[in-house]
Every structure is written in C-alpha cells, then in structure tokens.
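Read off the chains here:
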Amino acid sequence: MFDFGSSEDDGELGEVDEDDGPSGFEDDLFDDEGGEKDLVKSPANNSAPFESIKGESVNQDGVVCTRESGGGDSYLSQTRFDECSLSPLTLKGVKAAGYERMTAVQEATLPIILKGKDVLAKAKTGTGKTVAFLLPAIEVVSKLPPIDRDQKRPPISVVVVCPTRELADQASAEANKLLKFHPSIGVQLVIGGTRMALEQKRMHTNPCQILVATPGRLKDHMENTPGFATRLMGVKVLILEEADRLLDMGFRTDIERIVAALPKQRQTLLFSATVPDEVRQVCHIAMKRDLEFVNTVQEGSEETHSQVKQMHIVAPLDKQFSILYGLLTDHISENVDYKVIVFCTTAKVTSLVAELLAELKLNVREIHSRKPQSYRTRISKEFKESKGLILVSSDVSARGVDYPNVTLVVQIGVPTDREQYIHRLGRTGRRGNEGSGILLLAPWEEYFLRSIKDLPITEATLPLIDLDTKRKVEKALAHVEVKDKELAYQAWLGYYNSNKYIGRDKYQLVSLANEFSRSLGLNNPPAVPKLVLRKMGLNNIPGLRSK
Ligand SMILES: Nc1ncnc2c1ncn2[C@@H]1O[C@H](COP(=O)(O)OP(=O)(O)OP(=O)(O)O)[C@@H](O)[C@H]1O
C-alpha cells in the first residue's frame, strides 16, 4: 500500500513504564511512571568528571581509552567459552544453553571481570550482555564455601538489579539456564507486582545466593523483610543492568540506598547499550575508582545495528492511525512470520492503540504497567514464543527484553530520549538478525531527529492513505470505548507536559492535546479532574476542560 521514497535525513527516562521505580503522584494521575521520570534526566554532574574514576582506562592526556573489541556488527567472536578460565560445571551449563563461541562483549569483559575488576560495559542491543555478566558472577559464587544447610538465612552473594520486571524475569531465567550443573546455587527473583509475603516465604524455604530484583521491590525487602539486610552483607558482586536507566534521576535515590546497604568490598558491574556521559559521571556512586570502561561499539560506528533499516515519517496526528494501520498491513502481507512491536508514549495510550488495532482485526496483544503482573508475564511469554503477532507496548518492553525474531519496531510519538529510541529499536535485529524500525512523529516532534542525527535513519515520504483505509480506521475508532479515549487524552497531556521541549509552552501544549483528542474522533476534549490539572500546572489554561 505504501511506497517509501526515502531520502537521507539528518534528523527520556525514558519512560520506565514500570512499577518499581520511585512512584510520584504522576503514576496515579497521568498513568505512566515513565512519562515524568524520563524527562527528569540527571543533569550532567560537572563536578564529578569521569577522569576522577578513570583507573587504567584514561590515558595521560585524560582521554578515556576504551577497549575496542569485535568488529562492526559481527555477532560472535572467534573465541570459544572453553578457552576462558571458567569452571567445568559452568562450561557444561554454557554448552547446554547452546553457546559455543563468545559474543564480542563476552570476549571483551569476561577476562577482566574474572580478575575481579569493576567493569562498565557498553555493547549494542541483543549482543549477549546478560550472559556476559552472569557467567563471572556464577564463577564467584561457585568458588565460595558451600552454604550450611542448617543456616536459616544464608548470605546473598550476587545482586542483579534490573529496571523492569520483564528484564529481571529474563535475567533470572538465563541464570537458571546457566546454573543447570550447579544444583547448589539458587536464584530468586524479587519484583514488584507480586506478593511480598510469597517472596519472603520463598527466600526462607529456598536459600538463594543470586538475587535478581527490580529496585523498588529490593528496597522494600531491605526495609521490611526480617534478616534480609544481614543477608545482603554477604554480597560479593553487584550488577546494574541497563545501568544508564538505573543511574538516571528516576532511579538514582533507590540505587544509592541499595548500594549503601551492600558491603564496600565487592565487585560492581554496569552494563548497557547506551552509556551517556552523565552516567559515566555518576557511576562512582557504585563503582571503584579504577573501574574499566569496556566499549564494544567501535569509535565512529553507530550504536544501532547496520542490518536494521531505520526510517522516520512525519505526519499530522489525524493521519497517524491510518498510517500505522497501513504500515502494519503492508508489513504483514510481506512477512509471513511477522512479529511487530508498536511502542507508544504512555500506558493508557498503549491500551488505546491496542484496542484500535484489535478493532481493525489485527492479531494484537498489549503490555504496560497498568496490567497485572501475571498478565504481563503471560503476554511476554506468548510473544516470545510466537509468530504472526503484534505487541503494543509502553516502555516496559523498551530495554533488554529478548523477544526473538522481531521483524519490525514502530515507535509512535516522540521517545523520551535518544537512549530510549536506541533501546526500543534494539528489540529487532538481535543476534545479527535483520529487522526494521519506523519512527512516526508529528510535525512538532521533529526536533527529536536532531538527537539521533548520527544514526542511519532515513526519511520516508508521507504514505498515501487510500479511502478504504481511512474509513476502516474511522469506523474502528468509533468502536473504541470513550472512557479509554478520555484516559489516553489525559495520559497524553501528562506525558507531553513533562517533555522539556513541548511542555514549555502550556498554551501550545493544550492546543496539541486537543488535536490529539480530535484524532481520536472526539468532538470535545475530555474534562480532566481539577486536581490533576493543578498538579500538572495546567489549571486556568484556556482550551482545557476541568471536572
Ligand atoms: N555466546 C552466545 N552464543 C549464542 N547466543 C548467545 C550468546 N550469548 C547470548 N546469546 C543469546 O543472544 C540473545 C541476546 O542476548 P541478551 O538479551 O543478553 O542481549 P543484550 O545485549 O543484553 O541486549 P539488550 O541490550 O537489548 O539488553 C539471547 O537470546 C541470548 O540467549
């Protein structure tokens, strides 16, 4: 249906739509944890330059020297796991998991981590960072004296902190896979949205040395689970997955508290596909001064994969649903085994888009923080295992989640920041596979393209929308519950209000929100509770209706 004549174009917290971060009132009122937090990024802390934590990785001129490894997009290195000094039981686990050769980041980090050094590692999405930090952590535990069976609360030796529940779930599953031949090493998952009491019981009955957690729930256990704080005194390795997300302002206080509760004598590993400068400046919160920065993204190469075709489309809001529908039907007709993720700005907008696409008879699932954890786990598992499915998602799936063979990632509306764009796009093109990404922006969101102008993203011409598509979409929109449209409108307002760029001019913001409401087929913008408007700083702005 669409023909893209593409032309070159030089064109935040991020929304952690997840329940374990610091919850402000925004969570309840605007919906999405992410919206607010994303935009309150940590300001560059110039008083703590990276040189102050340089260690061996800074040369005499104070320039950070990174260890380059691997090449371009090559997925696996030439080095085999059995060439590395891993214990026989761990090697057996690696082999049983089907891994033979190391990926570039594994090859680059494993020897350094095994030496006991703190490592900050940057490697592209889907290149095996989880195995890279789990293997040496397992080695540390396997060398410790075995736990005394009578000991009621054995120490925890490794803590892995992940920004979302899905990611934590995935890391603990990978750990269990690698631990197949280490029956005495236990893993426990502690994440928000599940019953604390159940986790407390499990921790009591099944001793674990490796704990995988989201920050909020970990803090809860520190404060409320008897004996937990003592068990943490045994920690030898702390891992912060998606370190930049965890160290930005949204999570920083939680991480500071967690770090303060752990022994100083420990090894700390920070992994992410994106490591902005301000994160390097704050990583001293958790790491030793002589940390090593291992960067497997070669100087001058992009942080995204070259085998993933990236495009952006700029279109007014009233055309976006039709464009989305057209993009999806085109993609489905060209890919029998299609597997698509559509990222939306907030949980409630996600819900609305999923409802609309389901009305359009597409095979759709939705995932976001407003869904119960049991539902999220089920949908995530289903999407992992299936083909011929579209997952409409908030940023709960933006980072780290390893859905195999995703063929297309669509992002509608401005991502919270450059990093979030890269991580979302990184759900496709994993393990060297091909994929494509489309960013759909409104004209007033075009400013975002400046922040990704170094990435190989091309501009697609505005697709023509045929009358049939337009009618179908209008009809489907008319069937979407009015209540859901109202909730999406409010969430939209909250999200863009907290956007530094768009939320600056409140009059303009309201006019854009009302454009969004019209694009949903609403004649009048929905009324928003007075309290919500006050908290957004939007009371008395003409064009808004209050109730
Ligand atoms: N050495 C290896 N050989 C083959 N497959 C591997 C190897 N290491 C990891 N994998 C697989 O590669 C996939 C991607 O790994 P993983 O999810 O850890 O990537 P990541 O770098 O953490 O991605 P993201 O930045 O999105 O979090 C997983 O399916 C994992 O099982």
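Scoring rules and cut-offs
Residues numbered from 1 in each chain as written. Predicted model: local features only at pLDDT ≥ 70, side-chain atom pairs only at ≥ 80, totals over all residues. Heavy atoms only, no water. UniProt positions renumbered as here; feature names shortened; annotations may be inferred. Near = heavy atom within 4 Å. Polar contact = N/O pair within 3.5 Å; in protein donor to acceptor, adjacent residues only side chain to side chain. Areas by Shrake-Rupley, 256 points an atom, 1.4 Å probe, with all protein chains shown as cover. Helix = DSSP H or I, 4+ residues; strand = E, 2+ residues; numbered from the N terminus. Nonpolar A, V, L, I, M, F, W, Y, C, P; charged D, E, K, R; others polar. Buried < 20%, exposed > 50% of the residue type's maximum accessible area, 1.4 Å probe, protein only. Pairing = 2+ DSSP bridges. Right-handed = clockwise from strand over helix to strand, strands pointing away. Axes fitted to C-alpha atoms, helices over the stretch in contact; angles between N-to-C directions. Contact = heavy atoms within 4.5 Å. Domains from an automatic or database assignment. Buried area = accessible area lost by both parts, 1.4 Å probe. Salt bridge = Lys/Arg side-chain N within 4 Å of Asp/Glu carboxyl O.

- Where an unreviewed UniProt entry is consulted, the chain appears under the name ATP-dependent RNA helicase, with the organism given as Oryza meyeriana var. granulata.
- UniProt's Catalytic activity (unreviewed entry) comment on the chain is quoted here verbatim: "ATP + H2O = ADP + phosphate + H(+)".
- Taken verbatim from the UniProt record of the chain, the Sequence similarities (unreviewed entry) comment is "Belongs to the DEAD box helicase family."

## Section: the site of the ligand
Here's step 1: Close to the ligand lie 24 residues; Tyr-99, Gly-126, Lys-129, Thr-130 and Asp-402 are nearest.
Here's step 2: Arg-431 has a polar side-chain atom sitting 3.4 Å from a nitrogen atom of the ligand.
Here's step 3: Alone, the ligand offers 640 Å² of accessible surface; in the complex the protein occludes 95% of this.
Here's step 4: When contributions to the shell around the ligand are tallied by element, the ones reaching two or more residues are β3 (101-103), α5 (129-142) and α6 (165-178).
Here's step 5: Residues belonging to the shell around the ligand are distributed by class as follows: six nonpolar, nine polar and nine charged.

## Thoughts on unusual backbone geometry
Here's step 1: The phi angle at Glu-242 is positive, at roughly 55°, despite the residue not being glycine.
Here's step 2: Mapped onto the elements, Glu-242 comes out in the loop between β8 (237-241) and α10 (243-247).
Here's step 3: The residue Arg-431 is not glycine, and still its phi comes out positive at about 50°.
Here's step 4: Relative to the helices and strands, Arg-431 resides in the loop between α16 (418-425) and β16 (435-441).

## Focus on the pairing of strand β15 (residues 408-412)
Here's step 1: The element β15 is largely enclosed, with a buried count of five among its five residues.
Here's step 2: The two faces of β15 match: Leu-408, Val-410 and Ile-412 on one face and Val-409 and Gln-411 on the other face are all buried.
Here's step 3: In this sheet, β15 lies alongside strand β12 (residues 339-343) in parallel orientation, the contact comprising four bridges. Paired with Phe-343 across the bridge in β15 is Gln-411.
Here's step 4: The pairing of β15 with β16 spans five bridges and is parallel. Paired with Gln-411 across the two strands is Leu-439, which belongs to β16.
Here's step 5: Note that the unit made of β15, α16 and β16 has a crossover that is right-handed.

## Details of the sheet that holds strand β5 (residues 158-161)
Here's step 1: Read from one edge to the other, the open sheet built from seven strands follows the order β6-β7-β5-β8-β9-β4-β10, with strand pairing classed as parallel. Among the strands making up the open sheet, the edge pair consists of β6 (187-190) and β10 (292-295). In this sheet, adjacent strand axes meet at a mean angle of 15° when their direction is disregarded.
Here's step 2: The sheet contact formed by β5 and β8 spans four bridges and is parallel. When the sheet's bridge partners are listed, Val-158 is paired in β8 with Val-237.
Here's step 3: Of the strands in this sheet, β6 and β7 (210-213) touch helix α7 (residues 196-205), which is tilted by about 165° from β6.

## Structural notes on the side chain of Thr-214
Here's step 1: Looking at the secondary structure, you find Thr-214 in the loop between β7 and α8 (215-224).
Here's step 2: In terms of polar contacts, Thr-214 uses its side chain to reach the backbone amide nitrogen of Gly-192, at 3.5 Å.

## Examining the UniProt feature "domain: DEAD-box RNA helicase Q" (unreviewed entry) in the chain
Here's step 1: In the numbering used here, UniProt assigns the "domain: DEAD-box RNA helicase Q" (unreviewed entry) feature to residues 79-107.
Here's step 2: Secondary structure across residues 79-107 comprises 45% helix and 17% strand; the distance between its end C-alpha atoms is 7 Å.

## Points about the domain arrangement of the chain
Here's step 1: Domain boundaries assigned for the chain yield domain 1 (77-295), domain 2 (309-479) and domain 3 (482-536).
Here's step 2: Inter-centroid distance (C-alpha atoms) of domain 2 to domain 3 is 21 Å.
Here's step 3: Facing 19 residues of domain 2, the contacting portion of domain 3 comprises 16 residues.
Here's step 4: Carbon and sulfur atoms supply 70% of the area buried between domain 2 and domain 3, which totals about 1700 Å² over both sides.
Here's step 5: Inspection of the region where domain 2 meets domain 3 yields zero salt bridges.
Here's step 6: Put simply, domain 2 and domain 3 have four residue pairs in polar contact (both at pLDDT 80 or more) between them.
Here's step 7: Taken together, the elements giving at least two residues each to the side of domain 2 that touches domain 3 come down to α13 (317-334), α14 (347-359) and α17 (467-479).
Here's step 8: Per element, the largest residue contribution to the side of domain 2 that touches domain 3 is four residues, and it comes from α14.

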